[in-house]
Structure formats: C-alpha cells, structure tokens
Amino acid sequence: MGSLRRGVITLRRFLPSSPLPLPHYSLSSPFTSLPPDPLSIHIDLNDEESKRRLFNRSKQRGFLELDLVLGKWVEDNIRSLDENRLRALVHVLDLENPDLWKWLSGQEKPPESVSSNPVFAAMHERVMKNLDSHSAPETRATPGQPWVRGWDDIKKGRDGPIAGNQ
C-alpha cells in the first residue's frame, strides 16, 4: 500500500498542475451537407464535379434498393435540375436510408417537410408507378404495415407465424 502511495505522489510531481485541455466535440459533422442554415447550401450549377459527387452519393448509399432507385433517378434527371431542385436533392440524400425507403415505397407516410420536397415527390411518383406496373397489389404491404414477409407466410393455423418469418 505504501509503494502505491509513493508512486502516485511521484507521478503527480511529473504531471502538469493545470488540467489538460479536453477535446472539443460538436454536434455537427464535417461530412454532412446540412449547414446551420439550410438556405445557405451553395451548389455551383456549372461545376460538373459537384454534380458527379451528388450522383455518387445517390448511387452508393449502402442500401441496395435505394442505390438502384436514387441512382437511376439522379442519372436521368441531374442535368435538368435547377439550383433549387439540386438543394432539394441534397436534402433527400441527407435522409436516413430506412426512413427514406419506407417513405418512397409507400410503407409509411412521410412527414410534411419531406413530402413537400419536389425531388422526393418526383422520386416517390416514379417508385409508385414502377410498383403499380410491375407488382401485384396483394404482394405489397398495406400502408403502415411492414413489407417484409417470411418464406412460410402461406402456412396458417396454430403452427403458422404471426408475421414475417418467425
């Protein structure tokens, strides 16, 4: 016990007497495109590099369905977007993947701030048009219900799953 006390006393002699500065953490990330004021997003329409970055952000989100849907929509429309629509696209790209997919596919109703976004509305319209033309309505979930179903959903009765692949 005495040697521990001597070690602490010796250690205190070598440490600075003033407290060490603490690292500064902020709530904003340097990797987000959301500025403190959303109207201050500056996108140079003549800069092809900015458009290429937006295209890459839309195509490589790490969520396959969104990579396909957003990437194709941006590829088809980015050349015709004006500055306001490019800002709206940035706001759509800043949304979280699971929420964005549920809103685009009609599983959940999007908040007013998202549904009033003209780029989101155009994407949503395209996704719903594709769903209507390529899938039977009975294979899709009703709004507000989960879309994923299990492999044994046909099995009903006492041994059947309540929902999904349970």
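Details of the structure are given in the entry above.
So, a few notes on the structure that sits alongside this text. No experiment lies behind these values; they were computed from the predicted model shown.

Further remarks concern the overall build of the protein. Helix and strand content of the protein: seven helices and zero strands. The order of α-helices and β-strands along the protein, N terminus first, is α-α-α-α-α-α-α. Going through the 166 residues of the protein one by one, you find that 27% of them count as buried. Residue pairs in contact within the protein that sit at least 24 positions apart in sequence constitute 55% of those at least 6 positions apart. For the protein, the accessible surface area stands at approximately 12,600 Å², while carbon and sulfur atoms represent 57% of it.

For the rest of this paragraph, the subject is the packing of helix α3 (residues 64-77) against helix α7 (residues 118-134). Closest axis-to-axis distance for the α3/α7 pair is 11 Å, and the angle between their directions is 115°. One finds that α3 runs roughly perpendicular with respect to α7. As α3 runs across α7, the sense of the crossing is right-handed. Contact residues: α3 offers V69, L70, K72, W73, V74, D76 and N77, while α7 offers V119, A122, M123, R126 and V127. Partitioning the contact of α3 with α7 into residue classes produces eight nonpolar, one polar and three charged.

What follows covers the nonpolar core. Judged by nonpolar contacts, the single largest core of 21 residues is most densely connected at L89 and M123. Of all elements in the fold, only α3, α4 (83-93), α5 (97-104) and α7 reach the threshold of two or more residues within this core. It is α4 that provides the largest number of residues to this core, a total of six residues. Residue contacts for L89: discarding those within four places in its chain leaves L54, V74, L81, V119 and M123.

We now examine the pattern of salt bridges. Applying the stated criterion across every chain, the model contains eight salt bridges. Across the salt bridge formed by E48 and R79, the nearest N and O atoms sit 2.9 Å from each other. Residue E48 is located in helix α2 (residues 48-59), and its partner R79 is located in the loop between α3 and α4; the two are separated by 31 residues in the primary sequence. By relative accessible area, which is 62% here, R79 ends up exposed. The partner of R57 in a salt bridge is D94, with the nearest N and O atoms 2.7 Å apart. Here D94 lies in the loop between α4 and α5 and R57 lies in helix α2, a separation of 37 residues in the sequence. Residue class for R57 comes out partly exposed when judged on its relative accessible area of 30%.

Looking at where S105 falls in the secondary structure, it is placed in the loop between α5 and α6 (112-115). Here S105 falls in the buried class, since its relative accessible area comes to 7%. Within the local environment of S105, its side chain forms a polar contact with the side chain of Q107, the two groups lying 3.0 Å apart.

All right, on to the packing of aromatic side chains then. Two numbers describe a pair of aromatic rings. These are the distance of the centres and the angle of the planes. This structure, assessed with the given rule, holds one aromatic pair. Residues F63 and W101 carry aromatic rings whose centres are separated by 6.4 Å and whose planes lie at 45° to one another, so their mutual orientation is tilted. With F63 in the loop between α2 and α3 and W101 in helix α5, this residue pair connects regions lying 38 residues apart in the sequence.

Analysis parameters
- Residues numbered from 1 in each chain as written.
- Predicted model: local features only at pLDDT ≥ 70, side-chain atom pairs only at ≥ 80, totals over all residues.
- Heavy atoms only, no water.
- Helix = DSSP H or I, 4+ residues; strand = E, 2+ residues; numbered from the N terminus.
- Buried < 20%, exposed > 50% of the residue type's maximum accessible area, 1.4 Å probe, protein only.
- Contact = heavy atoms within 4.5 Å.
- Areas by Shrake-Rupley, 256 points an atom, 1.4 Å probe, with all protein chains shown as cover.
- Axes fitted to C-alpha atoms, helices over the stretch in contact; angles between N-to-C directions.
- Parallel < 35°, antiparallel > 145°, perpendicular 65-115°, else oblique.
- Left-handed = near helix turned anticlockwise from the far one by under 90°.
- Nonpolar A, V, L, I, M, F, W, Y, C, P; charged D, E, K, R; others polar.
- Core = buried A, V, L, I, M, F, W, Y, C linked by side-chain atoms within 4.5 Å.
- Salt bridge = Lys/Arg side-chain N within 4 Å of Asp/Glu carboxyl O.
- Polar contact = N/O pair within 3.5 Å; in protein donor to acceptor, adjacent residues only side chain to side chain.
- Phe/Tyr/Trp six-rings, centres within 6.5 Å; stacked < 30°, edge-to-face > 60°.

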